[in-house]
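Residue-level structure breakdown
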Amino acid sequence: MTKQTIDTPEGAGISRLAEGVLFLAPLLSLQKALVMAPLLSLLSIILLFGMARAPSRWAPMGAAFRSQWPLTGLFAALALWILAACFWSFDALFSLRSLAMLIGTTVGGWVLTVLFAELPPARQARMVEALAAGLVLAGLVLLTLGVIERLCRIDIGRLFLNMDAATTVIAVLLWPTLAWLVRGGRRPVALVLFLVSLGGVGLAHDLAAKVALAGAGVTWLLARWRPGAVFGAIMVFSVAGCLLAPLAALHLPPSQESAEWEWLPSSAHHRLTIWSFTARHVAEHPLFGWGFDGARAIPDGKTRLPVARFKGCPGHGVPVEIPGLSRPAPADCVIWEEQLPLHPHDGWLQIWLELGAVGAGLTAFLLWRILDRLRRRKAEPIARAATAAALVAGLVVSSVSFGIWQSWWLSTLWGAAALTAPLLAPAKPK
């Protein structure tokens, strides 16, 4: 969409429609975060429709494609490897369908990123303000439900909403939204958004979102001081994590040993069990993997292992024999953990498990190229801080939580990319 189109009444109407979608996105994600995928498609279609009405309609996308061809080539190489990996998965048709969804999400995210950057700054600011309003309302809902839960000791949020996934949407989209508000002179609004988001996520249940929010906040502060060093650290840790994740997971302690760490939450302990199981199966097919999106069908993945956790346990019930434990544990102290429910809850391990060393190597190289470009990009400090914070939030959640190919999660990351791209763009001549 060009400036000529957006300044017409039709263009203004298209812009208002996009603002409405952005306003509703955080609120709808409270009910079901899966909505982020169709909303990404809807936003892309809205902007494409506006662009199609402009005389020079394909110029922005063509220029973006030509300028990004090295990265496009890497994306294409990874996509071809994923296509090949569909045919040695457990269910080739299911894997091919997952690949089609992945390609659709990638194309939609790229279109949104390119076309949002082409909007006039005033329209961009209004769309971000609509998103900020939605984030504030979503944060207030989380904050209110969190207070009620603690006062009444009732898990009311999970009865009606899927708040855990919504908190990760807030944790990722918060930082570029804050940068837009601060840069536009809306500091009081930015402060309200930050405090409401901090309180809402802090009172929610999802530990990954809390860690992501805290890590992103620290990154924001450090990047305002030493942006080059921060981006360099993100590059090193993300690429090293991508390449070395299976080796690290192979050296995790036995499940029963880590179960005796009283400070470790049960959900975090289950992650350790999943990661150990995944690493052992990566070692069985280290080069090619088990097939794209085939983690849910790995042999013995649904087998449940007993683990004894004695903290806060009354110690009743029939004793259960547990490997690694010298004495039987009362039944009410035993937690049964699936070794691999649906996916490894770690993006790096999932890539290794399904795509092998070839897929992990391509992913690491692609990450390095993208992050190196961001590190070298000259932009105002707040733009670089917001980009680094959003990257850290996304990397934290991808490393400990959702499946790496889930469309709603990738759509959330593409939304953050679309918001940060204009902030990092060099100033255009008047």
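In this report, the structure presented in the accompanying data block is examined. None of the values given here were measured: they were computed from a predicted structure.

Attention now moves to the pattern of salt bridges. Counted by the stated rule, this structure contains 5 salt bridges. In this structure, Arg-126 engages Glu-19 in a salt bridge whose closest nitrogen and oxygen atoms are separated by 3.5 Å. Of this pair, Arg-126 sits in helix H7 (residues 121-152) while Glu-19 sits in helix H2 (residues 9-31), and the two are 107 residues apart along the sequence. Note on Arg-126: relative accessible area 37%, which makes it partly exposed.

This brings us to the environment of Ala-295. Relative to the elements of secondary structure, Ala-295 occurs in the loop between helix H14 (266-282) and strand E1 (304-308). Taking the relative accessible area as the measure of exposure, Ala-295 reaches 1% and is therefore buried. In this view, Ala-295 contacts Leu-340, Leu-342, His-343, Pro-344, Leu-353 and Glu-354; residues no more than four positions away in its chain are not counted.

This part covers helix H15 (residues 347-376). Across its 30 residues, H15 extends only 26 Å between first and last C-alpha, which sits more than 12% below the 44 Å expected from 1.5 Å per residue. Considering bend angle alone, the principal kink of H15 is centred on Leu-355 and spans about 130°. In this structure Asp-346 caps H15, since a side-chain oxygen of it lies 3.0 Å from the backbone nitrogen of Trp-348.

Moving on to helix H5 (residues 69-86). If you check H5, its first and last C-alpha atoms are 25 Å apart, about what 18 residues at 1.5 Å a residue would give, namely 26 Å. Taken together, the buried positions of H5 are Leu-71, Leu-74, Leu-78, Trp-81, Ile-82, Ala-85 and Cys-86. Angular distribution of buried residues about the axis of H5 spans 155°; they occupy a single face of the element. Exposed side chains of H5 directed beyond 90 degrees from the buried face belong to Trp-69 and Leu-80. Contacts from the buried residues of H5 go to helix H6 (92-118) and H15.

A few words now on the packing of aromatic side chains. The relation between two aromatic rings is expressed through the spacing of the ring centres and the mutual angle of the planes. Here the structure, examined in full by the defined rule, presents 12 aromatic pairs. Here Trp-81 and Trp-88 contribute two aromatic rings whose centre-to-centre distance is 5.4 Å and whose plane-to-plane angle is 65°, an arrangement assigned as edge-to-face. Given a relative accessible area of 16%, Trp-81 falls into the buried group. Overall, the relative accessible area of 33% leaves Trp-88 in the partly exposed class. Ring centres 5.7 Å apart and planes at 45° place the aromatic pair Trp-88 and Phe-288 in the tilted group. Here Trp-88 is found in the loop between H5 and H6, whereas its partner Phe-288 is found in the loop between H14 and E1, with 200 residues between them in sequence.

Scoring rules and cut-offs
- Residues numbered from 1 in each chain as written.
- Predicted model: local features only at pLDDT ≥ 70, side-chain atom pairs only at ≥ 80, totals over all residues.
- Heavy atoms only, no water.
- Salt bridge = Lys/Arg side-chain N within 4 Å of Asp/Glu carboxyl O.
- Helix = DSSP H or I, 4+ residues; strand = E, 2+ residues; numbered from the N terminus.
- Buried < 20%, exposed > 50% of the residue type's maximum accessible area, 1.4 Å probe, protein only.
- Contact = heavy atoms within 4.5 Å.
- Expected span 1.5 Å × (residues − 1).
- Bend = angle between axes of the 7 residues up to and from the residue.
- Polar contact = N/O pair within 3.5 Å; in protein donor to acceptor, adjacent residues only side chain to side chain.
- Arc of directions from axis to C-beta.
- Phe/Tyr/Trp six-rings, centres within 6.5 Å; stacked < 30°, edge-to-face > 60°.

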